[in-house]
Amino acid sequence: MDLTLTTRDAGGKTIVAVGGEIDVYTAPKLRDKITELVAAGAYDIVVDMEEVEFLDSTGLGVLVGGLKKVRAHDGSLELVCNQDRLLKIFRITGLAKVFVIHDSAEAALAGS
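Residues numbered from 1 in each chain as written. Predicted model: local features only at pLDDT ≥ 70, side-chain atom pairs only at ≥ 80, totals over all residues. Heavy atoms only, no water.

Colleague: How would you explain the overall build of the protein chain if you had to name every residue and give the values?
Modeller: A tally of helices and strands in the protein chain yields 4 helices and 5 strands. Secondary structure elements of the protein chain occur, N-terminal to C-terminal, as β-β-α-β-α-β-α-β-α. For 112 residues, the compact-globule formula gives about 13 Å, and the C-alpha radius of gyration of the protein chain, at 13 Å, lands near that figure. A principal-axis box enclosing the C-alpha atoms of the protein chain has dimensions of 30 × 30 × 20 Å. Per-residue burial over the protein chain gives 47% buried out of 112 residues. A separation threshold of at least 6 residues defines the contact pool for the protein chain, and within that pool the share at least 24 residues apart is 66%. If you sum the accessible surface of the protein chain, you get close to 5,800 Å²; carbon and sulfur atoms cover 51% of it. For the protein chain, the distance from the average position of its 12 positive side-chain charges to the average position of its 17 negative side-chain charges is 6 Å. (Helix = DSSP H or I, 4+ residues; strand = E, 2+ residues; numbered from the N terminus. Rg over C-alpha atoms; globule rule 2.2 N^0.38 Å. Buried < 20%, exposed > 50% of the residue type's maximum accessible area, 1.4 Å probe, protein only. Contact = heavy atoms within 4.5 Å. Areas by Shrake-Rupley, 256 points an atom, 1.4 Å probe, with all protein chains shown as cover. Lys, Arg positive; Asp, Glu negative; His and termini not counted. Charge placed at Lys NZ, Arg CZ, Asp CG, Glu CD.)

Shown next, in the form of structure tokens:
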């Protein structure tokens, strides 16, 4: 399974829609995209994980690294995730307290 990434600007935030699996093989692609966005001046990023089928520790590391990058510019990296199996990973690792997690892209853009 490959990783698909599409970006769009909405409401002053950059949404990165991720599809497929975020694992040791595909995570560098997501890391590079976040790095590229921050280098271009996008500091408020929403990672939409509604189409993500699998997430491993490498993927979590990329998300945490992305959060550190945007925070260095007083930005934010928020997640859209509504799948119980992925939410469970965030809860178990304690990252549910680190990330702002929305259940839809619309909610993320509304700031709720």
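We are not done yet, so read on.
Colleague: Provide a residue-level description of the packing of aromatic side chains, including the pertinent values.
Modeller: Enumeration according to the criterion identifies 1 aromatic pair in this entry. Between the aromatic rings of Phe90 and Phe99, the centroid separation amounts to 6.1 Å while the plane-to-plane angle is 75 degrees, which identifies the pairing as edge-to-face. Look at Phe90 and you get buried, because its relative accessible area is 0%. Take Phe99: its relative accessible area is 4%, and that puts it in the buried class. (Phe/Tyr/Trp six-rings, centres within 6.5 Å; stacked < 30°, edge-to-face > 60°.)

Colleague: Now, about the sheet that holds strand 3 (residues 44-55): what can you tell me, with residues and values included?
Modeller: If you trace the 5 strands from one edge of the open sheet to the other, you get 1-2-3-4-5, paired in mixed fashion. Every other strand in the sheet has two partners, leaving strand 1 (3-10) and strand 5 (101-102) as the edge strands with one partner each. Here strand 3 pairs with strand 4 (residues 76-80) via 5 bridges, running parallel. Residue Asp48 lies in a different strand from strand 4, and its bridge partner there is Val80. (Pairing = 2+ DSSP bridges.)

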